[in-house]
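Each chain, written out:
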Amino acid sequence: DAGITQSPRHKVTETGTPVTLRCHQTENHRYMYWYRQDPGHGLRLIHYSYGVKDTDKGEVSDGYSVSRSKTEDFLLTLESATSSQTSVYFCAISESGHVNTEAFFGQGTRLTVV
Amino acid sequence: DAKTTQPPSMDCAEGRAANLPCNHSTISGNEYVYWYRQIHSQGPQYIIHGLKNNETNEMASLIITEDRKSSTLILPHATLRDTAVYYCPGTNAGKSTFGDGTTLTVKP
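Now for a description of the structure that goes with this document. (Residues numbered from 1 in each chain as written. Chains lettered and ligands numbered in written order. Predicted model: local features only at pLDDT ≥ 70, side-chain atom pairs only at ≥ 80, totals over all residues. Heavy atoms only, no water.)

## Description of the sheet that holds strand S7 (residues 70–75) of chain B
For sheets, the rule is that strands pair by backbone hydrogen bonds, running either parallel or antiparallel. This is how it is decided: When DSSP finds at least two bridges between two strands, those strands are taken to pair. Under the scheme used here, helices are H or I runs from DSSP no shorter than 4 residues and strands are E runs no shorter than 2 residues, and both carry numbers assigned from the N terminus.
Strand order in the open sheet made by the 4 strands is S2-S7-S6-S5 (chain B), with antiparallel pairing throughout. If you trace the sheet from one side to the other, it starts and ends with strand S2 (18–23) and strand S5 (55–56) of chain B, each paired once.

Shown next as structure tokens:
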């Protein structure tokens, strides 16, 4: 299995509080991604990174920010959590950003905003 | 950009072959067809990929039509542990997009 660790695995937080999710990889892959998955639906891309300090928005980036200060770590921050951000968040990595590249996924973080 | 279409759900009897279709009529000529699966809310897992030729690995076989507008993932002898959501990702702005996939239920 690819070396991807997401933390925390589960979190309950209150509306309006900031939350940071962490993705750590040991594969030295250049690209890292954050997705969210709502019940019964597929994954939607939030943000991705193509190198240290290089990030870009995905299709559902509003309300989220990211940072990548080291190759191995990609942080997702919810500045002020809302109930609509209750979801399962997956981190993924790939060697390149080309679509012809296999992606490896973490085990997910289940976030509940109450 | 390549939009993919998959049936929302399929059933398969244990021990039988499961054939999961994917329509990708707008795929570019140099884009590979990838398949992933997601077992019970775990992270998606890569299964197989191909460009033009049929491919086989220890998990599955992939049949791509000659015009590349569709493909079929084949699990030759489905087991209960193959019950999962299967994705044939499309692309949008150069990034893979995972729709709702096909929920495969393998029944005893």
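## Examining the side chain of A:Arg68
Residue and element names in this part refer to chain A. Basically, it comes down to this: Burial classification: accessible surface area is computed with a 1.4 Å probe over protein chains only, and a residue below 20% of its type maximum counts as buried, one above 50% as exposed, and the rest as partly exposed. Only four residue types enter the tally: Lys and Arg on the positive side, Asp and Glu on the negative side; His and the chain ends are excluded. Any carboxyl oxygen of Asp or Glu within 4 Å of a side-chain nitrogen of Lys or Arg constitutes a salt bridge here. Here a polar contact is taken to be a pair of N or O atoms separated by no more than 3.5 Å, where protein atoms must pair a possible hydrogen donor with a possible acceptor and residues adjacent in sequence count only if both atoms sit in side chains. The contact criterion used throughout is that any non-hydrogen atoms of two residues lie within 4.5 Å.
By the element assignment, arginine 68 lies in strand S7 (residues 64–70). For arginine 68, which is buried and forms no salt bridge, the nearest opposite charge comes from glutamate 72, at a distance of 7.2 Å. A polar contact is formed between the side chain of arginine 68 and the side chain of serine 49, at a distance of 2.9 Å. Residues contacting arginine 68, with those up to four places away along its chain left out, are Gln25, His29, Arg30, Tyr31, Met32, Ser49, Tyr50, Gly51, Val52, Lys53, Asp73 and Phe74.

## Points about the pattern of salt bridges
Residues and elements named next belong to chain A. Taken as a whole and judged by the stated rule, the model has 6 salt bridges over all chains. Between aspartate 38 and arginine 44 there is a salt bridge, and its shortest N-O distance comes to 2.6 Å. By relative accessible area, aspartate 38 is classed as buried at 14%. Linked by salt bridges that have partners in common, Arg22, Lys70 and Asp73 make up one network.

## Let's talk about the sheet that holds S7(A)
All names here are of chain A. How we decide: Axis lines are fitted through C-alpha atoms, for helices just across the contact stretch, and the angle between N-to-C directions can take any value from 0 to 180 degrees.
As summarised here, the arrangement of the 4 strands in space is S1-S3-S8-S7, forming an open sheet in which the pairing is antiparallel. For this open sheet the edge positions go to strand S1 (4–7) and S7, each flanked by a neighbour on one side alone. Neighbour-to-neighbour, the strand axes of this sheet turn through a mean angle of 20°, independent of strand direction. Bridge count between S1 and strand S3 (residues 19–25): 4 bridges; the pairing is antiparallel. Residue pairing across strands places glutamine 6 opposite cysteine 23, the latter belonging to S3.

## Overview of empty space enclosed by the protein
Our working definition: Note on definitions: the grid is 1 Å and covers protein atoms alone; a cavity is a set of points where a 1.4 Å probe fits but cannot get out; a pocket is an open set with protein on both sides within 12 Å along at least five of seven lines; lining residues have an atom within 4 Å of a point. Grid points are joined across faces, edges and corners, and a volume is the space filled by probe spheres set on the points.
One pass over the structure, following the stated rule, counts 1 cavity of 30 Å³ or more. A volume near 260 Å³ is recorded for the largest cavity. Around the largest cavity, the lining is made up of 27 residues, and of these A:Val99, A:Thr101, B:Pro89, B:Gly90 and B:Ser96 lie nearest the centre. At the level of elements, strand S4 (31–37) and strand S9 (87–94) of chain A together with strand S3 (33–38), strand S9 (90–92) and strand S10 (95–97) of chain B are the ones that each hand at least two residues to the lining of the largest cavity. Among the elements that line the lining of the largest cavity, the one with the most residues is S3(B), at 3 residues.

## Quick notes on the packing of aromatic side chains
Condition: Working definition: rings of Phe, Tyr and Trp (its six-membered ring) pair if their centres are within 6.5 Å, and the pair is stacked with planes under 30 degrees apart, edge-to-face with planes over 60 apart, and tilted otherwise.
Scanning the model with the defined rule gives 15 aromatic pairs over all chains in all. Ring centres of A:Tyr35 and A:Phe105 lie 5.7 Å apart, and the angle between their planes is 40°; on these two criteria the pair is classed as tilted. Taken as a pair, A:Tyr35 in strand S4 and A:Phe105 in strand S10 (residues 104–105) lie far apart in primary sequence, 70 residues in all. With respect to class, A:Tyr35 is no different from A:Phe105; both count as buried. Clustering of aromatic rings is evident, with ring pairs tying together A:Tyr31, A:Tyr33, A:Tyr35, A:Tyr48, A:Tyr50, A:Phe105, B:Tyr34, B:Tyr36, B:Tyr46, B:Tyr87 and B:Phe98.

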